[in-house]
Amino acid sequence: MTAAFEPQGPRHLLSLEDIGPDAITEILRLTDRFVEVNERSIPRVPALRGKTIATCFFEDSTRTRMSFETAAKRLSAEVLNFSAGSSSLSKGESLRDTIETIGAMGVDAFVVRHRSSGVPEQISRWVGEGVSVLNGGDGWHSHPTQGLLDAYTLVEHLHGGAGTGHRLDGVRIGIVGDVRHSRVARSDVTAFAAMGAQVTLIAPSTLLPASLEGWPVEVTHDFDAILPDLDVIALLRVQRERLADGLLPTMQDYVEGYGLDARRADLMGQGTVIIHPGPVVRGIEVTSEVLETHPRVLVQRQVANGVAVRMAVLFWLLGSGVDIT
Amino acid sequence: MTPPYGGVFVARSTVMDAAQVQRALTRISHEIIERNRGLEDVAVVALQTGGVEIARRIAHLLFEIDGVDVPVGTLDVALYRDDIGLRPVMPEAATDIPVDLTGKVVVLVDDVLFTGRTIRAALDALTDFGRPRAVQLAVVIDRGHRELPIRPDYVGKNLPTRRDEVVDVNPEGVLLGEMRK
């Protein structure tokens with residue numbers, strides 16, 4: 001039996017475009033199992049006992065790092081935490097030396113966040129055979145686990161779970177905000193489209209990518225007009241730096257055109273839900289009033305599901321032994 | 001269906017027909033009631049996926065015999081297996097334990113008992129749902145080849161097998177055969 005099992009090739013999660021729709025569907029299906037584990041009074045299974053996972057965050061992050069760390073611990077893996085600020089990087093050590101040093105401690109997977117696009121992929125070429133690299137968000141490129149957890153949260157809201165082949169066919173999703181500088185937007189589009197949803201980007205031209213070639217989306221600048229037809233409003237963070245970049249004339253203009261306030265909340269369809277990857281900049285992409293009083297804000301489910309999705313991804317890469325290519 | 005994996009199952013002989021399986025399950029149900037002097041505190045937990053249908057039938061029989069509706073749960077032990085990393089392992093089916101197992105007599109139900117490793121994983125998993133007063137094991141077929149000190153409490157049939165043979169328990173009965181490429 002064991003002789004017939006041959007370890008697979010490189011097992012990384014660098015982007016959702018990389019792994020494709022079948023793997024996305026498979027991970028969401030697997031997530032159901034880990035949602036159940038997380039609901040237990042003892043939310044821990046021995047599945048990755050003996051594995052070591054290093055979280056290497058070269059850019060600040062609280063929720064993603066804690067979410068990955070929680071996921072790893074609930075699978076009984078060991079966790080090493082690395083943060084750029086307090087490391088030898090600040091003493092001039094190169095990225096490659098840093099990764100190889102951590103790798104020499106015997107690490108089975110790196111979770112990497114970096115402000116530059118492509119760093120996780122670069123690292124995946126440096127690590128030893130059998131070591132996995134998971135992208136925890138790189139530049140404007142990709143944030144695969146966020147895309148997965150957003151898609152899972154919507155499937156769960158509509159169907160109670162993803163395990164019986166439930167999908168997002170025909171669900172109309174509007175992604176609102178700074179799409180251009182958002183790694184979340186790209187991963188959301190890929191995850192939502194893989195599950196069959198129709199995605200519309202809603203943003204001023206200056207906050208859309210220069211080219212949308214290959215994106216399975218429609219585009220509008222008129223939030224009010226499309227609002228009643230949406231089943232899901234996926235808000236993105238709009239950073240104040242965009243003012244300094246000259247991409248927004250004033251924040252007030254953005255809020256008037258694209259901010260989700262009480263007036264717009266009244267235009268939303270019956271049953272339409274709101275998601276946001278966090279951290280929320282209150283008063284810009286959404287008002288505190290809507291965030292706190294709207295009955296269908298799924299932000300807390302996103303956070304809870306984030307742990308389950310990351311458990312699914314870690315188990316899929318490090319434990320399952322199934323073919324992922 | 002039990003290991004080894006891969007290929008197509010080819011049946012060589014019928015070990016039990018549907019009526020024989022039904023009689024065995026009826027006897028097992030009587031034994032469960034007799035051993036536990038009733039069904040107070042008894043809970044049935046089925047191992048995914050082969051034990052689920054068997055457990056449902058045993059629970060039905062227990063109700064017919066004694067008029068007690070015992071709680072029935074399901075357990076997927078994939079995340080507790082000791083061969084993770086040695087062969088493909090995926091949690092395929094739902095774990096659903098509807099009651100706190102502390103103080104209960106848990107009757108684990110599976111279709112075939114082979115190496116005992118699935119049951120070892122199940123005993124580990126159960127401890128995450130409480131501390132049962134006792135755990136008992138019911139199987140349709142005990143085919144031998146144990147690799148751990150585990151024995152069943154209720155057995156439909158003891159079936160001597162070769163290690164490379166495959167036992168298939170299905171609604172029509174029990175078949176013995178092998179996997180062919």
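Residues numbered from 1 in each chain as written. Chains lettered and ligands numbered in written order. Predicted model: local features only at pLDDT ≥ 70, side-chain atom pairs only at ≥ 80, totals over all residues.

### What about the overall build of chain A?
Within chain A, the regular secondary structure consists of 12 helices and nine strands. Scaling as 2.2 N^0.38, a compact globule of 325 residues should have a C-alpha radius of gyration of about 20 Å, and chain A matches this with 20 Å. Each principal axis of the C-alpha distribution contributes one length, and for chain A these read about 60 × 50 × 40 Å. Within chain A, the proportion of its 325 residues that are buried is 47%. (Helix = DSSP H or I, 4+ residues; strand = E, 2+ residues; numbered from the N terminus. Rg over C-alpha atoms; globule rule 2.2 N^0.38 Å. Buried ≥ 20, exposed ≤ 12 C-beta atoms within 10 Å, placed from the backbone.)

### Brief notes about the nonpolar core
The biggest cluster of nonpolar side chains holds 148 residues, and the ones touching the most others in it are Ile175(A), Leu314(A), Val44(B) and Val109(B). Examining the composition of this core, we find that 11 residues originate from one element, helix 12 (residues 299–318) of chain A, more than from any other. Both domains that furnish three or more residues to this core are identified here as domain 1 (2–143 + 304–318) and domain 2 (146–298) of chain A. Dropping the residues within four chain positions of it, Ile175(A) is found in contact with Ala185(A), Asp188(A), Val189(A), Val199(A), Leu201(A), Ile202(A), Ala234(A) and Leu236(A). (Core = buried A, V, L, I, M, F, W, Y, C linked by C-beta atoms within 7 Å. Domains from an automatic or database assignment. Contact = placed C-beta atoms within 7 Å.)

### Concerning the sheet that holds strand 2 (residues 78–83) of chain A
Residue and element names in this part refer to chain A. If you trace the four strands from one edge of the open sheet to the other, you get 2-1-3-4, paired in parallel fashion. Pairing within the sheet leaves two strands with one partner each, and these edge strands are strand 2 and strand 4 (132–138). Each neighbouring strand pair of the sheet contributes to a mean axis angle of 15°, computed without reference to strand direction. Judged from the six bridges that link them, strand 1 (residues 52–57) and strand 2 form a sheet pairing that is parallel. Paired with Thr55 across the two strands is Asn81, which belongs to strand 2. (Pairing = 2+ DSSP bridges. Axes fitted to C-alpha atoms, helices over the stretch in contact; angles between N-to-C directions.)

### With respect to the packing of helix 1 (residues 18–35) of chain B against helix 2 (residues 50–66) of chain B
A pair of packed helices can be characterised by two numbers: the angle between their axes and the separation between those axes. Residues and elements named next belong to chain B. With their axes 9 Å apart at the nearest point, helix 1 and helix 2 run at an angle of 60° to one another. Crossing hand, helix 1 versus helix 2: right-handed. Residues Leu25, Thr26, Ile28, Ser29, His30, Ile32 and Ile33 of helix 1 form the contact with helix 2, whose own contacting residues are Arg57, Ile58, Leu61, Leu62, Ile65 and Asp66. Classifying every residue of the contact of helix 1 with helix 2 gives eight nonpolar, three polar and two charged. (Left-handed = near helix turned anticlockwise from the far one by under 90°. Nonpolar A, V, L, I, M, F, W, Y, C, P; charged D, E, K, R; others polar.)

### Some details on helix 2 (residues 63–74) of chain A
Residues and elements named next belong to chain A. Taking 1.5 Å of rise per residue, 12 residues should cover 16 Å, and helix 2 covers 16 Å from first to last C-alpha, within 8% of that figure. Every buried residue of helix 2 is listed here: Thr64, Arg65, Ser67, Phe68, Ala71, Ala72 and Arg74. Where helix 2 is buried, its residues meet helix 1 (16–38), strand 1, strand 2, strand 3 (109–114), strand 4 and helix 12. Positive phi shows up at Ser76, right after helix 2, with a value of about 70°. (Expected span 1.5 Å × (residues − 1).)

### Let's talk about the domain arrangement of chain A
All names here are of chain A. Here chain A is described as being made up of domain 1 (2–143 + 304–318) and domain 2 (146–298). If you look at the interface, domain 1 gives 21 residues, while domain 2 gives 22 residues. The set of elements that each furnish at least two residues to the side of domain 1 that touches domain 2 consists of helix 1, strand 4 and helix 12. The element that contributes the greatest number of residues to the side of domain 1 that touches domain 2 is helix 1, accounting for 10 residues. Taken together, the residues of the side of domain 1 that touches domain 2 break down into seven nonpolar, nine polar and five charged.

### Quick look at the confidence of the model for chain B
Per-residue pLDDT for chain B averages 95, and the proportion of residues at 70 or more is 97%. Our summary of model confidence lists the complex with pTM equal to 0.92 and ipTM equal to 0.88. (pLDDT = per-residue confidence, 0-100.)

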